[in-house]
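Structure at a glance
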Amino acid sequence: MSTIRLPPRVLELAREAVAAGTTDGLPAYVYDLTALDAHAARIRAALPPAAEFYYAVKANPDAAVLRTVARHADGFEVSSGGELEHANAAVPGQPRAFGGPGKTSAELAAALRVGVTRFHVESPLELSMHAAAARAAGVRADILLRVNPPGPAPGARAAGPAGGASPGELAALVMGEQPSPFGMDLVLLDRCAQTLAELGNGPLRLRGLHAHLASGLDAAGLLAAAGRLLAFGRDWCARHHVTDPEFNLGGGMAVDYRRPEVRFDWDAYGRGLARLARPGETLRIEPGRAVTAYCGWYLTRVLDVKHSHGQAFAVIAGGTHHLRTPAAKGHDQPFAVVPVPDWAPPWPRPGVADTAVTITGQLCTPKDVLARQVTVPRLRAGDVVAFGLAGAYAWNISHHSFLMHPPPLFHYL
Ligand SMILES: *Cc1c(COP(=O)(O)O)cnc(C)c1O
């Protein structure tokens, strides 16, 4: 099931495109900023006051989206010099954390110049670069060391903080045994602690740990992972004399593309964070997908419908070079059909009824599939199709120039 209910204002916009006598205005992205504003407000309200909510800019860096999120978020997490520069222009004056692998010295210098408040350090080499950059800038930089993400796969081990485990066992629980280019295992973490001790009261101030715990977990799963991280992190920070530590628990809150009406349970998550929180500590999250996915719509029209060896295909204007999410995630992007009954081309109008149809785009590659074998009541050439959950990792992760089709329009509601 990959159909989705279209909000009245998005439907209205689709109908307007059709009523204008043309669908030349399609494909188009529609960002429902009103819905985003309400959703971000709900997220903030569900979290305990002591928890900080940063938005991961990489999920959708659209300036209007950032400005809307800024009304409710405590700050922004950027993962490159480009995102940093962009966020500075779009939402100036907001606290910013700078994370991500492969930072360059030039990026660190630029980040210090514009007053980035937290750096998430990915390796011992990066730590040395940070120290040099902070020294050169004549400032102290606040850092969190990023530990390797998740331990056990969801459901693989009993949930809950690992009471009574040794530091080594706790580390294994938090960080798992999976090799990863992101963050550091216990060996590298301790090497960083050693370097920091040698630097003394120098250019860097260790504030705590960062961990992007998992991707696509529900509230219970993320809270269990957070419990494990905190059990390990409190012990590690105490051993390394970090007082009032900060723990950034990352993002990864689930978005269910098969059931678009089911949302991450922010209330349960907020209650869980309140239970986990201890006075003096800061807990911070940096979700992306679950914040902005729901506000985005990709509207387009059906160019052609045909059958091949018994299967129905609908070819839409645009495709995965505009909306790469279904190709990247290997799912069916949920959609709604907006019928256009009175389009009468001077040739027979092909269509299907009560049939499973595969929706493909204009690219000359079999990978340009947005939804596979989804049963629709009716779909004809000339109809409008609106893909939902297109507000995160959608336009900005797509390979726009492949085949050189025109870009979509952008509308903001
Ligand atoms: C991508 C990323 C996020 C955001 O993840 P979502 O799944 O979009 O919530 C947060 N923190 C880090 C370090 C990331 O890499």
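These numbers were taken from a predicted model, which means no experiment stands behind them.

1. Quick word on the overall build of the protein chain
Along its length, the protein chain carries twelve helices and 16 strands. A compact globule built from 413 residues would reach a C-alpha radius of gyration of about 22 Å, and the protein chain, at 24 Å, matches this within 12%. Here the C-alpha coordinates of the protein chain stretch approximately 80 × 45 × 35 Å along the principal axes. Sorting the 413 residues of the protein chain into buried and exposed places 55% on the buried side. In the protein chain, 74% of the contacts between residues at least 6 apart in sequence involve partners at least 24 apart.

2. Examining the domain arrangement of the protein chain
Taken domain by domain, the protein chain comprises domain 1 (8-30 + 294-412) and domain 2 (61-287). Here the C-alpha centre of domain 2 lies 37 Å away from the C-alpha centre of domain 1. Surface buried jointly by domain 1 and domain 2 totals about 880 Å² across both partners, of which 69% is contributed by carbon and sulfur atoms. Per-residue buried area on domain 1 facing domain 2 is highest for Tyr294, Leu389 and Tyr412; these three make up 59% of the total on that side. Counting across the interface, domain 1 meets domain 2 through zero salt bridges. Summed over the shared surface of domain 1 and domain 2, the result is one residue pair in polar contact (both at pLDDT 80 or more). Here the residues of the side of domain 1 that touches domain 2 sort into five nonpolar, four polar and two charged.

3. Considerations on the nonpolar core
Within the largest apolar cluster, 122 residues are counted, with the highest numbers of intra-cluster contacts made by Leu145, Tyr269 and Leu273. The element that contributes the greatest number of residues to this core is helix 9 (residues 219-239), accounting for ten residues. Not counting residues up to four positions away in its chain, the partners in contact with Leu273 are Leu47, Pro48, Ala51, Leu223, Leu249, Leu283 and Ile285.

4. Considering the sheet that holds strand 6 (residues 141-146)
Strand order in the closed barrel formed by eight strands is 2-3-4-5-6-7-8-9, and the pairing between neighbours is parallel. With strand direction ignored, the average angle separating the axes of adjacent strands in the sheet is 30°. Judged from the three bridges that link them, strand 3 (residues 75-78) and strand 4 (residues 96-98) form a sheet pairing that is parallel. Each residue of the ladder has a partner; that of Glu77, found in strand 4, is Ala97.

5. Thoughts on the pattern of salt bridges
Charged atoms that come close allow side chains of opposite charge to pair. Taken as a whole, this structure holds 16 salt bridges when the rule is applied. For Arg118, the salt bridge goes to Asp142, with nearest N and O atoms at 3.5 Å. Remark: Asp142 occurs in strand 6 and Arg118 occurs in strand 5 (residues 118-121); sequence separation between them is 24 residues. Residue class for Arg118 comes out buried when judged on its relative accessible area of 11%. Arg118 is the salt-bridge partner of Glu246, the closest N and O atoms lying 2.6 Å from each other. Of this pair, Glu246 sits in strand 8 (residues 246-248) while Arg118 is found in strand 5, placing the two residues 128 residues apart along the sequence. For Glu246, a relative accessible area of 3% corresponds to the buried category. Among the charged side chains, a network of salt bridges with common partners joins Glu52, Arg118, Asp142, Arg205, Arg207, Glu246 and Arg284.

6. Quick notes on the environment of Asp32
As for its position among the elements, Asp32 is in the loop between strand 1 (28-31) and helix 2 (33-46). Sequence separation of Asp32 and His411 is 379 residues, and the distance between their C-alpha atoms is 8.5 Å. Not counting chain neighbours up to four residues away, the residues in contact with Asp32 comprise Pro7, Arg9, Cys295 and Leu413. A polar contact is formed between the side chain of Asp32 and the backbone nitrogen of Ala35, at a distance of 3.1 Å.

7. Describing the confidence of the model for the protein chain
Of all residues in the protein chain, 92% have pLDDT values of 70 or greater, and the mean over the chain is 91. The model gives residues 153-163 a pLDDT under 50, and that stretch makes eleven contacts with residues more than four places away or in other chains.

8. Brief notes about the site of the ligand
The environment of the ligand is made up of Ala56, Lys58, Arg146, His210, His212, Gly251, Gly252, Glu286, Pro287, Gly288, Arg289 and Tyr393. One of the side-chain nitrogen or oxygen atoms of Lys58 is found 2.8 Å away from an oxygen atom of the ligand. Compared with its free state, where it exposes 390 Å², the ligand has 90% of that area covered by protein. Spatially, the ligand is embedded in the largest pocket. Grouping the constituent residues of the shell around the ligand by class yields three nonpolar, five polar and four charged.

9. Brief notes about the environment of Tyr298
Within the fold, Tyr298 resides in strand 10 (residues 296-308). Among the residues examined, Tyr298 registers a relative accessible area of 0% and is labelled buried. Separated by 267 residues in sequence, Tyr298 and Tyr31 place their C-alpha atoms 8.9 Å apart. Reaching out from Tyr298, the side chain makes a polar contact with the backbone nitrogen of Gly319 at a distance of 3.3 Å.

What counts and what doesn't
Residues numbered from 1 in each chain as written. Predicted model: local features only at pLDDT ≥ 70, side-chain atom pairs only at ≥ 80, totals over all residues. Heavy atoms only, no water. Helix = DSSP H or I, 4+ residues; strand = E, 2+ residues; numbered from the N terminus. Rg over C-alpha atoms; globule rule 2.2 N^0.38 Å. Buried < 20%, exposed > 50% of the residue type's maximum accessible area, 1.4 Å probe, protein only. Contact = heavy atoms within 4.5 Å. Domains from an automatic or database assignment. Buried area = accessible area lost by both parts, 1.4 Å probe. Salt bridge = Lys/Arg side-chain N within 4 Å of Asp/Glu carboxyl O. Polar contact = N/O pair within 3.5 Å; in protein donor to acceptor, adjacent residues only side chain to side chain. Nonpolar A, V, L, I, M, F, W, Y, C, P; charged D, E, K, R; others polar. Core = buried A, V, L, I, M, F, W, Y, C linked by side-chain atoms within 4.5 Å. Pairing = 2+ DSSP bridges. Axes fitted to C-alpha atoms, helices over the stretch in contact; angles between N-to-C directions. pLDDT = per-residue confidence, 0-100. Near = heavy atom within 4 Å. Areas by Shrake-Rupley, 256 points an atom, 1.4 Å probe, with all protein chains shown as cover. 1 Å grid on protein atoms, 1.4 Å probe; cavity = no way out; pocket = protein on both sides within 12 Å on 5 of 7 lines; lining within 4 Å. Sits in = over half its atoms within 2 Å of the grid points.

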